[in-house]
Amino acid sequence: MIMSFSSEIRAELCTRTDRAPHCRIAMLAGIISLDGKMKLQDGRRCLSVRMEKNEVVDTVRRLLELVFGMEESDLEIVPRAQEGARIRIYDPELIRRMFETLKLKELEDRLDVDDIVLSRNCCRIAFLRGAFLAAGSVSNPETQYQMEIVTDRDSVTGQVLQALASFDVEGRVTERRYSQVVYIKDADGISETLGQMGASAAMMEFENIRILKGIRNNINREVNCDTANITKTANAAIRQIEEIRRIEETIGLQNLPSGLQQLARVRLENPDLSLKELGEMMDPPLGKSGVNHRLRKISELAAHPEEFRQAVSDIQRKK
């Protein structure tokens, strides 16, 4: 099964375990602020964390063990239909410790994290890593550059933006249905965020794809430019030949001045040559600007053949 780019990032981030206790707390707080809530289950209050990916379930279990010493018996793990699970904690003392350590506060049924958890730069990045695991995604860089973290309230949106700003990346916010979306479209910003969160392999893959796209785009631009130039040259040659044929039918090429007559015949015989190549076939040779000047004269004569014919007639009469 081929993993999406977002899945690759999540899998890599799940292997990251901060050594500092305060960063472990911040990462767990980032997950719970987006995936956690207080609810009644079978008449008992519980802290419930819903995760949509199996690797995130394992990460939350590991963090709960590292930060609070929780064991399997302290948790109720309810698998979801396809992937992921819901972890429920019923023990009032464990819930009290989690509220105290993670600086949680209830907001209706949601759980907010106090800004004090994000007081250090390293903790802001750890919080961002947790938020991404809970509700983040990155589009396939082959198609577009976009990173998103979907939140459900202003407080979390502000904390995600604060975390991004800690390493000078500007996140933007848009509304989507009942959610807020913090997004980054700038490729440099996405790359920097991946690196800061600890997804080094994903960052390298992102940069490799970005470099290859740049090379392909440059090649395409050059090809398009060459094609445009060829088309422009071909259209100009067609127009010039049409004008020479018009002169041939109305005035007669033999009546043109020798320089124009020579160029007209060379162009008729060589419709695919560039101006430079036409000049090289003239006797004596002409530069590109000289050829262009004579072709403009031919174009003017084709547009007003009667005037030229009258001028030729007047000269012949005087003779």
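What comes next concerns the included structure. Per-chain numbering applies: the sequence of each chain, read as written, is numbered from 1 onward. Predicted model: local features are reported for residues with pLDDT of at least 70 only, side-chain atom pairs are reported and counted for 80 or more only, and whole-chain, interface and lining totals are derived from all residues. Values reported for side chains reflect all heavy atoms of the structure, with hydrogen atoms and water molecules removed beforehand.

What follows covers empty space enclosed by the protein. Once rolled over the atoms, a probe with the size of a water molecule shows which space is left empty. Detection works on a 1 Å grid of protein atoms alone, calling trapped sets that fit a 1.4 Å probe cavities and calling open sets with protein on both sides within 12 Å along at least five of seven lines pockets, with lining residues defined by an atom within 4 Å of a point. Grid points are joined across faces, edges and corners, and a volume is the space filled by probe spheres set on the points. Applying the stated rule across the entire model yields 1 cavity of 30 Å³ or more. Volume-wise, the largest cavity comes out at about 50 Å³. In terms of lining residues, the largest cavity is bounded by L128, M147, E148, I149, V160, L164, V182, Y183, I184 and T193. Where the lining of the largest cavity is concerned, the elements lending two or more residues are β8 (147-151), α6 (154-165) and β10 (179-184). Note on residue classes: Ala, Val, Leu, Ile, Met, Phe, Trp, Tyr, Cys and Pro are nonpolar, Asp, Glu, Lys and Arg are charged, and everything else, Gly too, is polar. Along the lines of polarity and charge, the residues of the lining of the largest cavity split into 8 nonpolar, 1 polar and 1 charged. Strands here are runs of E lasting at least two residues and helices are runs of H or I lasting at least four, both read from the DSSP assignment and numbered beginning at the N terminus.

Take R86: it is sitting in strand β4 (residues 85-89). Under this definition, polar contacts are N or O atom pairs within 3.5 Å; protein pairs additionally need one hydrogen-donor-capable and one acceptor-capable atom, and for neighbouring residues in sequence, both atoms have to be side-chain atoms. Of the polar contacts made by the side chain of R86, one reaches the side chain of S48; its length is 3.3 Å. The criterion used for residue contact is that any of the two residues' heavy atoms lie within 4.5 Å. Not counting chain neighbours up to four residues away, the residues in contact with R86 comprise K39, S48, V49, R50, E76, I77 and V78.

Over its 12 residues, helix α9 (residues 258-269) extends 17 Å from the first C-alpha to the last, a length consistent with the 16 Å expected when each residue adds 1.5 Å. Where α9 is buried, its residues meet α8 (200-250), α10 (275-281) and α11 (288-303). The span one expects for a helix is its residue count, reduced by one, times 1.5 Å.

Further remarks concern the pattern of salt bridges. Take a side-chain nitrogen of Lys or Arg and a carboxyl oxygen of Asp or Glu: if they are within 4 Å of each other, that pair is a salt bridge. Applying the stated rule across the entire model yields 21 salt bridges. One salt bridge in this structure joins E83 and K53, with 3.7 Å as the shortest N-O distance. Pair noted here: E83 is in the loop between β3 (76-79) and β4 and K53 is in the loop between β2 (44-51) and α3 (54-68), with a separation of 30 residues, a long-range link. In this structure, R88 engages E76 in a salt bridge whose closest nitrogen and oxygen atoms are separated by 3.1 Å. With R88 in strand β4 and E76 in strand β3, this pair connects stretches of sequence that are 12 residues apart.

Counting residues in each nonpolar core, the largest one holds 65 residues, and the members touching the most others are I9, L47, L64, I89, M98, V160 and L194. Excluding anything up to four places from it in sequence, L64 contacts L28, G69, M70, L75, I87, I89 and M98. What we call a nonpolar core is a set of buried Ala, Val, Leu, Ile, Met, Phe, Trp, Tyr and Cys residues that are connected through their side-chain atoms within 4.5 Å. The classification of residues rests on relative accessible area computed with a 1.4 Å probe and restricted to protein chains. Under 20% of the type maximum is buried, over 50% is exposed, and intermediate values are partly exposed. Judged by nonpolar contacts, the second largest core, of 20 residues, contains A264, L295, L301 and A302.

Next up on the list: the state of the cysteines. For this text, the term disulfide refers to a pair of cysteine sulfurs within 2.5 Å. In total, this model carries 0 disulfides according to the counting rule given. The thiol of C14 is not disulfide-bonded; the next cysteine sulfur, from C23, is found 17 Å away. We classify C14 as buried; its relative accessible area is 9%.

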